[in-house]
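Structural characterization, general
In case you want the letters, here they are:
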Amino acid sequence: MSRKNRPTNNSPLDHQEYDVTVVVSAAREDLLVLAETLRHTLIACEGLKAKVYLLVNGNESLAKDVKALMGAKYKNQPVALWFFEQPDKANCWNTYVYALAPKATLHFFIDGYVRPRPDSFRLALDYARANPVLAITGVPTSGRSSARLRQEMLAQGGIHGNLYALTQDSLEKLQAIGFKLPLGIYRTDPLIGAVINFNFDNANHAWNSRGVTVLEQVTWEITPQRWYSYRDLKAQFNRRLRQGRGVLENLAIKNHLAINKRPVRELPVTASDMIANYLQTHPLSRDTLLRHPVVWLAYRKLRKEGTIDLPALLERCRRYSQW
């Protein structure tokens, strides 16, 4: 595919202003699952001036299938398909924030297997227009742990990566402080939420657990995993391994932002380097590794990765194009 029209930083291709944009991140999804996400997303956008950015990373076959689907069913819909050669959600997020994002009252970010409820975007938009907010997150209503997590978020605050939104002002503040997600990071949303909860300046502001507004009415649905499906079981096992890495990421982030009060622009370029830097001065105890086997597996995998060829990685991250 041609890479024509690839934008440079801070020069979005779309100069219109929207009520909402919706960034859908996809990589491993089945085409039917992603098609349902797209269908429900467009339903939730009805009546709004909206644009959907479908960002597929590392899966060219899926991107080709989605392109065919869009040509057959959504030719005249406000959907832009972008393919990223590097399989990295963080790189897609960074590229949207710095290169693709037009102006919008709210910028939504959802996962490729999420089906937003028909009124979720409208409810969030109405709330943002009536109240001073930095970001809005929905709460889960499907899945085994959804009830517990929903109550925790409503009581204590938080952010959920399945569906959240940044205001235009917050997106511009993130740009102004030079915030980028470390490449390869698994838990993108806790880091974004942390920066917002420190009001974009962790050196001079105290932590505010309510920096991200939690709206109970804003929600989505997902298809529960099937215990008898080999594919679902394998996906769950891999997810558990990534969650172990996420524990290490959160420890490193807390050390960088909350304890050492270092600027977000000084976060390492890659999550692997971020974790490695933390572990150099904070080695994991034997007790921690024994109590959390997935953390031990993530730690062992990290040690086997070796040195990252950063120039080559950054070059791959720059290979993206609109299809």
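Refer to the structure presented above.
The model shown is predicted, which means the values in this text are computed figures rather than measured ones. (Residues numbered from 1 in each chain as written. Predicted model: local features only at pLDDT ≥ 70, side-chain atom pairs only at ≥ 80, totals over all residues. Heavy atoms only, no water.)

A word on helix α11 (residues 293-305)
End to end, α11 covers 19 Å across 13 residues, agreeing with the expected 18 Å (1.5 Å per residue, within 8%). What α11 keeps buried is the set Val294, Val295, Ala298 and Leu302. End-on view of α11: buried residues confined to an arc of 100 degrees, all on one side of the axis. Those residues of α11 that are exposed and aimed more than 90 degrees away from the buried face are Pro293, Arg303 and Lys304. (Helix = DSSP H or I, 4+ residues; strand = E, 2+ residues; numbered from the N terminus. Expected span 1.5 Å × (residues − 1). Buried < 20%, exposed > 50% of the residue type's maximum accessible area, 1.4 Å probe, protein only. Arc of directions from axis to C-beta.)

Some words on the packing of helix α9 (residues 271-281) against α11
Look at α9 against α11: their axes get within 11 Å of each other, and the N-to-C directions meet at 105 degrees. If you check the angle between α9 and α11, you find them roughly perpendicular. Contact residues: Ser272, Ile275, Ala276 and Leu279 in α9; Tyr299, Leu302 and Glu305 in α11. (Axes fitted to C-alpha atoms, helices over the stretch in contact; angles between N-to-C directions. Parallel < 35°, antiparallel > 145°, perpendicular 65-115°, else oblique. Contact = heavy atoms within 4.5 Å.)

Some remarks on unusual backbone geometry
The phi dihedral of Asn199 falls on the positive side, at around 55 degrees, and the residue is not glycine. Note that Asn199 resides in the loop between α7 (188-197) and β8 (212-214). According to the relative accessible area criterion, Asn199 is partly exposed, its value standing at 33%.

Details of the pattern of salt bridges
Applying the stated criterion across every chain yields a total of 15 salt bridges. Between Lys51 and Asp14 there is a salt bridge whose closest N-O contact spans 2.9 Å. With Lys51 in strand β2 (residues 50-57) and Asp14 in the segment before β1 (17-26), this pair connects stretches of sequence that are 37 residues apart. Both residues of the pair, Lys51 and Asp14, belong to the buried class. In the salt-bridge network here, residues are joined through shared partners; they are Glu85, Glu315, Arg318 and Arg319. (Salt bridge = Lys/Arg side-chain N within 4 Å of Asp/Glu carboxyl O.)

Some thoughts on the nonpolar core
If you look at soluble globular proteins, the nonpolar side chains tend to sit buried side by side. Core analysis: the biggest nonpolar cluster contains 52 residues, and Leu55, Trp93, Tyr96, Leu166, Phe179, Leu191 and Val195 have the highest contact counts within it. Not counting residues up to four positions away in its chain, the partners in contact with Trp93 are Phe109, Tyr164, Leu166, Leu174, Phe179, Leu181 and Ile192. (Core = buried A, V, L, I, M, F, W, Y, C linked by side-chain atoms within 4.5 Å.)

Quick look at the packing of aromatic side chains
Here the distance between the centres and the angle between the planes together describe a pair of aromatic rings. One pass over the structure, following the stated rule, counts 10 aromatic pairs. A ring pair is formed by Trp93 and Phe109, whose centres lie 5.9 Å apart and whose planes are at 35 degrees; its orientation type is tilted. Here the residue Trp93 occupies a position in helix α3 (residues 89-100), and Phe109 occupies one in strand β4 (residues 103-111), the gap between them amounting to 16 residues. Each member of the pair, Trp93 together with Phe109, is buried. Pairing Tyr96 with Phe109 gives two aromatic rings, centres 5.7 Å apart and planes at 90 degrees, and the pair type is edge-to-face. In this pair, Tyr96 sits in helix α3 while Phe109 sits in strand β4, placing the two residues 13 residues apart along the sequence. Phe109 shares its class with Tyr96; the two are buried. Grouped by ring-pair contacts, the aromatic residues Tyr53, Trp93, Tyr96, Phe109, Tyr164 and Phe179 constitute a single cluster. Over the ring of Tyr98 we find Lys180, and its NZ or CZ is 5.1 Å from the ring centre. (Phe/Tyr/Trp six-rings, centres within 6.5 Å; stacked < 30°, edge-to-face > 60°. Lys NZ or Arg CZ within 6 Å of the ring centre and 35° of its normal.)

Observations regarding the sheet that holds β8
Taken in spatial order, the 8 strands of this open sheet run β8-β6-β7-β4-β1-β2-β3-β10, and their pairing is mixed. Edge positions in the sheet fall to β8 and β10 (320-322), since each has one partner strand and no second. Across the sheet, the axes of successive neighbouring strands diverge by a mean angle of 20 degrees, strand direction being ignored. As judged from the 3 bridges shared by strand β3 (residues 79-84) and β10, these two strands associate in the antiparallel manner. Looking at the pairing, Trp82 lines up with Gln322 of β10. Relative to the sheet, helix α4 (residues 120-130) contacts β1, β4, β6 (135-137), β7 (163-167) and β8, its axis offset from that of β4 by approximately 140 degrees. (Pairing = 2+ DSSP bridges.)

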